[in-house]
Amino acid sequence: RFIAKPCAINLGIQDSGPHRAQPNAILEKVFTSITKSPDGKRLEGLSKQLDWDVRKIQRWFRHRRNQDKPTTLTKFCESMWRFTFYLSIFFYGIRFLWTAPWFWDTRQCWYNYPFQPLTSRLYYYYILELAFYWSLMFSQFTDIKRKDFLIMFVHHLATIGLITFSYMNNMVRVGTLVLCLHDASDFLLEAAKLANYAKYQRLCDAFFMLFGVVFIVTRLGIYPFWILNTTLFESWELIGPYPSWWLFNGLLITLQFLHIIWSYLIIRTAYKALVRGKVSKDDRSDVESSSEEEDVTSNSTKGVFSTSSNGSNRINGHVASGQWTEE
């Protein structure tokens with residue numbers, strides 16, 4: 001309210017939402033009581049009832065869906081908050097871990113386990129991260145629902161479970177490594193969103209490409225060969241198969257599967273960017289293209305399948321057609 005909003009206004013971001021749908025009592029009743037995306041049969045019935053063209057009714061429903069979406073200013077402020085948190089917590093974690101022996105030798109995570117001291121810096125690092133992910137868990141149900149809602153829900157559950165579980169079992173050393181590794185790329189994604197909302201397309205593309213590289217290196221390289229290696233093999237070697245070993249590593253492996261899915265989506269988006277010359281609209285977009293229904297209709301008559309990018313978060317898009325949005 002006091003920092004992000006003035007920044008957005010100085011960048012020329014207006015507090016105006018999508019085009020509002022023309023008032024119509026019949027269509028509004030269908031939208032609120034029956035369906036927000038009517039099928040072909042219902043569209044034909046509404047067309048006869050209102051004496052409207054089917055495309056006009058499709059356009060009305062699209063505008064009506066988009067009119068409930070948050071404005072670009074609201075989304076800019078949300079991304080700026082997340083960018084600030086991710087950046088701050090990442091540098092806090094790096095500064096703290098730089099002098100920690102287990103940052104350079106992962107076997108130190110298991111020496112003298114479970115009799116390892118919990119310092120105040122470790123405690124606050126954990127509590128801050130846990131509080132933030134709980135906030136994401138709750139806000140996910142009030143934010144725009146995106147295509148990857150289920151994936152994000154599983155991710156938040158696994159993350160909260162891991163933070164809580166590792167804290168209760170005093171596995172905070174390896175836990176700090178996991179947290180810091182995940183924070184390394186998140187602030188770059190939020191920076192790309194901020195540049196996108198401000199319509200700095202080249203800066204957005206640069207941040208997104210950098211995010212993609214860091215994400216893939218950390219989540220598909222460092223995470224399995226550094227984190228999973230110490231939790232699966234080094235812990236087994238040094239302290240043996242403790243009772244919670246299977247649950248702990250099961251949650252970590254679940255995260256790895258999510259990393260693979262997201263890496264595929266990032267690579268696909270980057271490929272589209274190289275083909276089109278700029279980063280295209282993300283598959284999680286929550287604002288529909290201005291020609292979505294028309295494109296689907298025309299393509300279906302030609303026997304061509306068109307994939308709609310309408311997701312409602314997600315991430316966690318927030319701009320018009322032709323621009324990249326959320327991850």
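Residues numbered from 1 in each chain as written. Predicted model: local features only at pLDDT ≥ 70, side-chain atom pairs only at ≥ 80, totals over all residues. Heavy atoms only, no water.

As recorded by an unreviewed UniProt entry, the chain carries the name CERS5 synthase and is attributed to Aramus guarauna.

Caption draft 1: Local environment of a nonpolar patch on the surface. Together, Tyr 92, Leu 118, Tyr 123, Tyr 124, Ile 127, Tyr 167 and Met 168 make up an exposed nonpolar region whose accessible area comes to about 680 Å². Elements supplying a minimum of two residues to the nonpolar patch: helix H7 (120-139) and helix H8 (149-168). Among the elements that make up the nonpolar patch, the one with the highest residue count is H7 (3 residues). Within the element layout of this structure, Tyr 123 appears in helix H7. In this structure Tyr 123 comes out as partly exposed when scored by relative accessible area, which is 32%. (Patch = residues over 30% accessible without salt bridge, like charges linked within 9 Å, V, L, I, M, F, W, Y side chains within 5 Å. Areas by Shrake-Rupley, 256 points an atom, 1.4 Å probe, with all protein chains shown as cover. Salt bridge = Lys/Arg side-chain N within 4 Å of Asp/Glu carboxyl O. Helix = DSSP H or I, 4+ residues; strand = E, 2+ residues; numbered from the N terminus. Buried < 20%, exposed > 50% of the residue type's maximum accessible area, 1.4 Å probe, protein only.)

Caption draft 2: Structural context of unusual backbone geometry. Here the amide bond leading from Tyr 113 into Pro 114 is cis, since omega sits at 5°, within 30 degrees of zero. Note that Pro 114 resides in the loop between helix H6 (101-104) and H7. A positive phi is found at Asp 51, a non-glycine position, where the angle reads about 60°. Here Asp 51 shows up in the loop between helix H3 (40-50) and helix H4 (54-67). The backbone phi angle of Lys 199 is positive, close to 65°, even though this residue is not glycine. On the secondary structure map, Lys 199 appears in the loop between helix H9 (172-197) and helix H10 (201-239). Judged by relative accessible area, Lys 199 falls into the exposed class, the value being 67%.

Caption draft 3: A look at the environment of Phe 103. Checked against the element boundaries, Phe 103 lands in helix H6. Taking relative accessible area as the criterion, Phe 103 reaches 15% and is therefore assigned buried. Measuring from C-alpha to C-alpha, the distance between Phe 103 and Val 174 comes to 8.8 Å, with 71 residues separating the pair along the chain. Residues contacting Phe 103, with those up to four places away along its chain left out, are Leu 97, Trp 98, Leu 177 and Trp 226. (Contact = heavy atoms within 4.5 Å.)

Caption draft 4: Structural detail: the packing of H9 against H10. The interhelical angle for the contact between H9 and H10, taken along N-to-C directions, is 170°, at an axis separation of 8 Å. Considered as vectors, H9 and H10 are oriented roughly antiparallel to each other. Looking at side-chain class alone, the contact of H9 with H10 contains 22 nonpolar, 7 polar and 2 charged residues. (Axes fitted to C-alpha atoms, helices over the stretch in contact; angles between N-to-C directions. Parallel < 35°, antiparallel > 145°, perpendicular 65-115°, else oblique. Nonpolar A, V, L, I, M, F, W, Y, C, P; charged D, E, K, R; others polar.)

Caption draft 5: View of empty space enclosed by the protein. Put simply, the second largest cavity is a space of about 160 Å³. If you trace the second largest cavity, you find 15 residues lining it, with Thr 159, Leu 162, Ile 163, Val 178 and Leu 179 closest to the centre. Listing elements by their share of the lining of the second largest cavity, those giving two or more residues are H7, H8, H9 and helix H11 (245-276). Residue composition of the lining of the second largest cavity, by class: 10 nonpolar, 5 polar and no charged. (1 Å grid on protein atoms, 1.4 Å probe; cavity = no way out; pocket = protein on both sides within 12 Å on 5 of 7 lines; lining within 4 Å. Points joined across faces, edges and corners; volume = space filled by probe spheres on them.)

Caption draft 6: Here's a closer look at the nonpolar core. Judged by nonpolar contacts, the single largest core of 55 residues is most densely connected at Leu 97, Trp 102, Met 171, Tyr 223 and Phe 248. Elements with a minimum of two residues in this core: helix H5 (72-97), H6, H7, H8, H9, H10 and H11. In terms of residue count, the dominant contributor to this core is H9 (12 residues). With sequence-adjacent residues up to four places away left out, Trp 102 is seen in contact with Phe 96, Leu 97, Gln 108, Cys 109, Leu 122, Arg 173, Thr 176 and Leu 177. By size, the runner-up hydrophobic cluster in this structure holds 11 residues, among which are Ala 21, Phe 31, Leu 43 and Phe 61. (Core = buried A, V, L, I, M, F, W, Y, C linked by side-chain atoms within 4.5 Å.)

Caption draft 7: Seen up close, the packing of aromatic side chains. Within this structure, the stated rule accounts for 26 aromatic pairs. A ring pair is formed by Phe 96 and Trp 102, whose centres lie 6.3 Å apart and whose planes are at 65°; its orientation type is edge-to-face. Neither residue differs from the other here; Phe 96 and Trp 102 are each classed as buried. Positioned above the aromatic ring of Trp 52, the side-chain terminus of Lys 56 is 4.3 Å from the ring centre. (Phe/Tyr/Trp six-rings, centres within 6.5 Å; stacked < 30°, edge-to-face > 60°. Lys NZ or Arg CZ within 6 Å of the ring centre and 35° of its normal.)

Caption draft 8: A look at H4. When the terminal C-alpha atoms of H4 are compared, their 20 Å separation across 14 residues agrees well with the 20 Å that a helix rising 1.5 Å per residue should span. Most of H4 sits out of view: 10 of its 14 residues are buried. Looking at H4, one finds that the buried residues are Ile 57, Gln 58, Trp 60, Phe 61, Arg 62, His 63, Arg 64, Arg 65, Asn 66 and Gln 67. Where H4 begins, the side chain of Asp 53 points an oxygen toward the backbone nitrogen of Arg 55, at a separation of 2.9 Å. (Expected span 1.5 Å × (residues − 1). Polar contact = N/O pair within 3.5 Å; in protein donor to acceptor, adjacent residues only side chain to side chain.)

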